[in-house]
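Residue-level structural notes
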Amino acid sequence: MSTEHQNFSLENQTLAIQSYAEKRNFHILKTYVDAGRTGVVLKHREGLAQLLRDVLQGDQLYRAILVYDVSRWGRFQDTDEAAYYEFLCKRAGVLVHYCAETFSNDATMPSAIMKALKRAMAGEYSRELGVKTHAGAERSARLGFKQGGEPGYGLRRLLVSAEGRPKHLLDVGQRKSIASDRVIQVLGPANEVRCVKDIYEMFIRKKMTFKEIAKELNRRRIKYTGGSEWNHTGRSVCIILTHPKYAGFNVYGRSTKRLYTPSVNVPRSEWTIVPAAFEALIEPDTFAEAQRIMETSPRCISDKEMLDDLRNGFAENNGKITVEIMANTVGIPSANLYRTRFGSVSHAYELVGYDGFWRKDWLEKLRYIRGLRDGLMKNIAALFGSDVSIENRGPAFRTRLRMHNGQIVSVRTSRTFRTHEGHLRWRIKPISDESQLVTFVARLNVDNSDFKDYYVTPPFCTCNPVILKENDPRLNRGIRLGNLEEFLAAVQRMSEPGTPSFPVYLWQVSDD
């Protein structure tokens, strides 16, 4: 089923398939359903993916697969992809029948031509629908309505009727339930509005950098979105200082992600920008002044100047440079800027002749561990279907797990190392914006080649590195999983009111 609005789509398809089966003396053994899922990419089709696994592994002895029509098999943009999946089934001795099509899928020339045409039409339908949806969203944005996504720090989303009558504020993860309703942006809590004004004051009047502002806000114990600390690289501050929405502009189309392709940034000249769409947190003149100052910021310096700054930092820190040192050293641009300019921080290290901890074999191991983490999250999402999904906020952010009720769970892979005394330990690096989240800890084995065990723990509530022992008391305060099937129940238990979190200080663990 394409969307949740097609209330009777599944029932209609079921009746048609049952009628087709009865006429041909088929007995239906099992039904695979993809309700409310896109047909554009296989990774979002749990039902179809499970069907293919069952057929190819021989777990189920099927004579045939009954599908309502060609479009229900998939609206893949590459018609060869749909043909490939059908070929895999046919090679396994299981034929695919399209119950509502006017042709028989009997491998004859007319059948092959019609099937190829239908596959192309199915893919084109999704492409045309995407164009129409984008055009509709752009028209709505020009009227001042928000088109999705979180409002951002200092702002909130207000649900209004078609006549513009305010209804109520939308919480994180909530959506409108009536198609004719609209969403606008309004000012958030007074303390957040005041903080945004202070950020502009520190940047324009006091000439403070993004990192210095973030450090000052953390010193004042002012929390960012979700109760987390401000990112030490200054990225959160940068967003507030550069996004036009803080000057009352409604902005749409800053990036595009058509048909589940990778997100692509759109040139500013192609954005949809509507001035005075809602009450501004910052006067437009103040916002324009911040942008003028930004033009002379480190983002505008040359690659050579950035590498020179990195060399100077390398020399000043006795031949050592890390992301943390970069964040705390005045005069060195942020690590994110080096990633943007040079592809990765390690490549920038290589260009200045630094051959330290980032050696290529270490990078390869790091990429391997990241692959393990990605695979683990996909397995969990596949196990629980619509109850658990992977939250991907873009290439600059870590992926996280989102529960069906909107709760976010931090996923932390803990690498193994040995102390000078030879004791086995596990390290968890700090993630400031995830310190207040229920955490899924996956510890790796001795050689960091696979996972050793899994725990669901309370929030760690610290921005310091955490070193774990074999039977660590912090893990014992959580829930050890016997298998991944216990994940959802463990998260629900750990999220119950009254569940204690870890102290905000770093626990000291001896090596004995």
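What you see is a predicted model; the values in this text were computed from it and never measured.

What describes two packed helices is the angle between their axes and the distance between those same axes. Where helix H6 (residues 190-204) meets helix H7 (residues 210-219), the axes come as close as 10 Å, and the angle between the chain directions of the two elements is 135°. In this view, H6 runs oblique relative to H7, as classed from their interaxial angle. H6 and H7 meet at a crossing whose hand is right-handed. Contacts from Cys 195, Ile 199, Met 202 and Phe 203 of H6 reach H7 at Phe 210, Ile 213, Glu 216 and Leu 217. Taken together, the residues of the contact of H6 with H7 break down into seven nonpolar, no polar and one charged.

Attention shifts here to the nonpolar core. As a rule of thumb, nonpolar side chains are buried together in soluble globular proteins. Judged by nonpolar contacts, the single largest core of 30 residues is most densely connected at Ile 199, Tyr 200, Phe 203, Ile 213, Trp 230, Val 237 and Leu 241. Among the elements of the structure, H6, H7, helix H8 (235-242) and helix H9 (284-294) are those that each provide at least two residues to this core. Counting residues per element, this core draws most heavily on H6, at eight residues. Dropping the residues within four chain positions of it, Leu 241 is found in contact with Ile 199, Tyr 200, Phe 203, Phe 210, Ile 213, Phe 287, Ala 290, Gln 291 and Met 294. Core analysis: the second largest hydrophobic core is formed by 26 residues, Met 403, Phe 440, Tyr 454 and Leu 484 among them.

Moving on, we get to unusual backbone geometry. Phi angles above zero are rare outside glycine, and Ala 276 is one such case at about 50°. Along the chain, the position of Ala 276 falls in the loop between strand S9 (272-274) and H9. Of note in this structure, Asn 448 is not a glycine but carries a positive phi near 55°. Since its relative accessible area comes to 11%, Asn 448 is described here as buried.

Per the stated rule, a full pass over the model turns up 27 salt bridges. Residue Asp 54 is joined to Lys 30 by a salt bridge in which the shortest nitrogen-to-oxygen separation is 3.7 Å. Here the residue Asp 54 occupies a position in helix H2 (residues 46-57), and Lys 30 occupies one in the loop between helix H1 (9-23) and H2, the gap between them amounting to 24 residues. Relative accessible area serves as the criterion here: at 5%, Asp 54 is assigned to the buried category. Judged by its relative accessible area of 41%, Lys 30 is partly exposed. Here Glu 216 and Arg 219 are joined by a salt bridge, their closest N and O atoms 2.7 Å apart. Of this pair, Glu 216 and Arg 219 are both found in helix H7, three residues apart, which corresponds to roughly one turn of the helix. By relative accessible area, which is 18% here, Glu 216 ends up buried.

Right, let's get into the confidence of the model for the protein chain. The pLDDT averaged across the protein chain works out to 84; a share of 91% of its residues lies at or above 70. pLDDT under 50 marks residues 502-512. Its contacts with residues more than four places away, or in other chains, come to 31 contacts.

This paragraph deals with the sheet that holds strand S5 (residues 182-187). Strand order in this open sheet of three strands is S4-S3-S5, and the pairing throughout is antiparallel. At either margin of the open sheet sits one strand with a lone partner, and together these are strand S4 (166-170) and S5. Sheet twist, expressed as the mean angle between neighbouring strand axes with direction ignored, is 40°.

This part is about the side chain of Asn 448. Mapping Asn 448 onto the fold places it in the loop between strand S14 (439-444) and strand S15 (451-457). With near-sequence residues (within four places) excluded, Asn 448 lies in contact with Lys 365, Tyr 368, Ile 369, Leu 372, Arg 415 and Thr 416.

So, on to a positive patch on the surface. Taken together, the side chains of Arg 339, Arg 367, Arg 370, Arg 427 and Lys 429 present a region of like positive charge at the surface. Take Lys 429: it is sitting in the loop between strand S13 (424-428) and S14. The exposure class assigned to Lys 429 is partly exposed, which follows from its relative accessible area of 48%.

Turning our attention to the pairing of S4. Summarising the sheet, strand S3 (residues 155-160) and S4 pair through four bridges and their orientation is antiparallel. The partner of Leu 159 across the bridge, within S4, is His 168. Adjacent in sequence and paired antiparallel, S3 and S4 are bridged by five residues, among which Gly 164 carries a positive phi angle near 90°.

If you check helix H5 (residues 109-142), its first and last C-alpha atoms are 50 Å apart, about what 34 residues at 1.5 Å a residue would give, namely 50 Å. Burial in H5 covers these residues: Ser 111, Lys 115, Arg 119, Ala 122, Gly 123, Ser 126, Ala 137, Ser 140 and Ala 141. One or two steps after H5, the chain reaches Gly 144, where phi turns positive at roughly 95°.

All right, on to the environment of Val 388 then. The topology assignment puts Val 388 in strand S10 (residues 388-391). Separated by 16 residues in sequence, Val 388 and His 404 place their C-alpha atoms 5.9 Å apart. Contacts of Val 388, omitting those with residues within four sequence positions, involve Ile 380, Ala 381, Leu 401, Arg 402, Met 403, Phe 487 and Leu 488.

Our focus in this paragraph is the packing of H6 against H9. Where H6 meets H9, the axes come as close as 10 Å, and the angle between the chain directions of the two elements is 45°. Classified by the angle their axes make, H6 and H9 are oblique. Crossing hand, H6 versus H9: left-handed. Contacts from Tyr 200, Phe 203 and Ile 204 in H6 reach Thr 286, Phe 287, Glu 289, Ala 290, Ile 293 and Met 294 in H9. Classifying every residue of the contact of H6 with H9 gives seven nonpolar, one polar and one charged.

What counts and what doesn't
Residues numbered from 1 in each chain as written. Predicted model: local features only at pLDDT ≥ 70, side-chain atom pairs only at ≥ 80, totals over all residues. Heavy atoms only, no water. Axes fitted to C-alpha atoms, helices over the stretch in contact; angles between N-to-C directions. Helix = DSSP H or I, 4+ residues; strand = E, 2+ residues; numbered from the N terminus. Parallel < 35°, antiparallel > 145°, perpendicular 65-115°, else oblique. Left-handed = near helix turned anticlockwise from the far one by under 90°. Contact = heavy atoms within 4.5 Å. Nonpolar A, V, L, I, M, F, W, Y, C, P; charged D, E, K, R; others polar. Core = buried A, V, L, I, M, F, W, Y, C linked by side-chain atoms within 4.5 Å. Buried < 20%, exposed > 50% of the residue type's maximum accessible area, 1.4 Å probe, protein only. Salt bridge = Lys/Arg side-chain N within 4 Å of Asp/Glu carboxyl O. pLDDT = per-residue confidence, 0-100. Pairing = 2+ DSSP bridges. Patch = residues over 30% accessible without salt bridge, like charges linked within 9 Å, V, L, I, M, F, W, Y side chains within 5 Å. Areas by Shrake-Rupley, 256 points an atom, 1.4 Å probe, with all protein chains shown as cover. Lys, Arg positive; Asp, Glu negative; His and termini not counted. Charge placed at Lys NZ, Arg CZ, Asp CG, Glu CD. Expected span 1.5 Å × (residues − 1).

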